[in-house]
Amino acid sequence: MTAIETRAPVLDSPRVTTAESAVSIRGLTRSFGGPAILNNLDLELEAGSFTVLLGRSGSGKSTLLRTLAGLDTAPAGTVSVPRERAVVFQEPRLLPWKRVWRNVALGLRDGDPRAQASAALDELGLSHRLDAWPLTLSGGEAQRVALARALVRRPKLMLLDEPFAALDALTRMRMQALVAKLWQQHDLTVLLVTHDVDEALLLGDRAVVLIDGQIGADIPINLERPRRHGDPDFIRLRQQLLATLGVDEVAG
Amino acid sequence: MASAAVSAARPQQRAASFNSGAFLTQAHRFTMPVLILIVWQALDSFHLINSRLMPSPVMVAESFWQLLVTGQLLGNLWASLVRVGIGLGIGVVLGTGFGVFAGLSRLGEDTVDSTLQMVRTLPHLALIPLFILWFGIGETPKIALIALGALFPIYLNLFAGIRSVDRKIIEAASTLNLTHAEIIWNVVLPGALPQFLVGLRYSVGIAWLTLVVAEQVNANSGIGYLVMNARDFLETDVIFVGLIIYALLGLITDQMVRIIERRALAWRPSFVGTQSNRGAL
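Nothing here was measured: the structure is a model prediction, and the numbers come from that model.

**Regarding the interface of chain A and chain B**
Counting residues at the interface gives 23 residues for chain A, matched by 23 residues for chain B. Interface area, chain A with chain B, both sides summed: about 2,200 Å², of which 63% is carbon and sulfur. The residue R66(A) makes a salt bridge to E171(B) at a minimum N-O spacing of 2.9 Å. Our count for the contact surface shared by chain A and chain B stands at eight residue pairs in polar contact (both at pLDDT 80 or more).

**Observations concerning the pairing of strand β5 (residues 85-88) of chain A**
All names here are of chain A. Neither face of β5 is left uncovered, since the one carrying R85 and V87 and the one carrying A86 and V88 both have all their residues buried. Bridge analysis of β5 against strand β6 (residues 157-161) gives four bridges, and the strand direction is parallel. Bridge pairing in β6 places A86 opposite M158.

**Digging into the UniProt feature "transmembrane region" (unreviewed entry) in chain B**
UniProt marks residues 30-49, 85-107, 119-137, 143-162, 183-213 and 233-253 of chain B with the feature "transmembrane region" (unreviewed entry), using the numbering shown here. Counting secondary structure, residues 183-213 of chain B comes out at 100% helix and 0% strand; the distance between its end C-alpha atoms is 42 Å.

**As for the packing of aromatic side chains**
This model, assessed by the stated rule, comprises seven aromatic pairs over all chains. Ring centres of F50(A) and W183(A) lie 5.4 Å apart, and the angle between their planes is 85 degrees; on these two criteria the pair is classed as edge-to-face. In this pair, F50(A) sits in strand β3 (residues 50-55) while W183(A) sits in helix α5 (residues 169-185), placing the two residues 133 residues apart along the sequence. Here F50(A) and W183(A) have matching classes, each one buried. Cluster of aromatic residues (ring-pair linked, three or more members): F131(B), W134(B) and F135(B). Lying over the aromatic face of F89(A), R93(A) brings its terminal NZ or CZ to 3.8 Å of the ring centre.

Cut-offs used in this document
Residues numbered from 1 in each chain as written. Chains lettered and ligands numbered in written order. Predicted model: local features only at pLDDT ≥ 70, side-chain atom pairs only at ≥ 80, totals over all residues. Heavy atoms only, no water. Contact = heavy atoms within 4.5 Å. Buried area = accessible area lost by both parts, 1.4 Å probe. Salt bridge = Lys/Arg side-chain N within 4 Å of Asp/Glu carboxyl O. Polar contact = N/O pair within 3.5 Å; in protein donor to acceptor, adjacent residues only side chain to side chain. Buried < 20%, exposed > 50% of the residue type's maximum accessible area, 1.4 Å probe, protein only. Helix = DSSP H or I, 4+ residues; strand = E, 2+ residues; numbered from the N terminus. Pairing = 2+ DSSP bridges. UniProt positions renumbered as here; feature names shortened; annotations may be inferred. Phe/Tyr/Trp six-rings, centres within 6.5 Å; stacked < 30°, edge-to-face > 60°. Lys NZ or Arg CZ within 6 Å of the ring centre and 35° of its normal.

Structure, rendered in structure tokens:
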């Protein structure tokens, strides 16, 4: 087993050899006692790319994302990630006892934290909720605060762990458009974990399907943006992805 | 601006419509106690009960006034307050220290928790004879007893509170480049605060209970001393005054903790409405 080359700090600050901006994973293996969740996995993410990570439950996609986020501490293999990275989870995970802007500003070291938080919230259309308590927010608002909290750190790598799964359909569509916009306007490499094939095709320019801890399929998505569900290429890719995931859709 | 005005006006309206209903409920609540007082006074006035054993409300009020103007009441009240204040203070500080230590570290849990859990099963009031032998009959045994009684609710609740902080929030905070100390200060301790305040309310109640018992054993000042003295001279009216004072003190301190709760936990949904109303009231 090779040593971990690059790990950004979580609680303490170990050695960090920052990669240029893209993600590079070599021979990543991870098991929790049983069979390996991630099995000798190799993956490169190009700087500025939008990669969608698909896979069935238990395929290891969340473990992979957690490793990149620095939350999983004992992988074997080489992982190289930019130090500037941010995570948005399925739940907003805000601190309910801090007002919205303080949640966003948490951990900012230099400059005026409130001004930075305010700018990030403004970009997500939440400038009127700066001083609100998180528990008074709607699900979509709370998730936008979580996005602002990630964005304010000026990350090079944005890790999204099923961030829209708990939202209602309309809010989800709005959030997807918002994330696409943020990706286009900022210099971001995005890795989005999702179950949703449509979401993958709406947002990503590359779909990576994890099967049994390895990359089962790596499919480029070369569709025109903004994307349309009715587009024949969209439908073809959708069927291809579903087949890879083991879902046989009845053609209709 | 416009949206701020609208959101400010709404809670005010709610408060207004709420208050008229609340006033009626309040009035209803006092009906029964007032009725009891009237009947009680009537029974005494018609000599249907022995006023020596059961003084009338008017007699109690007179005796209250007497104690107040002679300065006896305030002097003894102060003595009691000082005991509870110091004892509660020590108990809260120690309970918080142990709770944080045991809550935050496995080492702390191993060293502190089992010991405290064992001591906790002992009714602390049973230690009075021992404390008198150890500390004499002055202030020390009383304060020590109050501190000991107040320590456990704080400790138990804070420990449980720290351990039940949502792991997912801690995890999210750890992706924000916070130091260990910053996570404890910004995430863990605020997360345990609601449970700590529950413990504080219990502790305050136990402090008063302990005071009552401690002052009856051996004291030459305090509300308990006043009451025990009155027993020796068959002054039932003074005993009643003492009991009422105890009740009021318990009530007032409980309200104080509630106010602390409302301020410290303003972020919780149940308090969010109250928070925005405060400006209007």
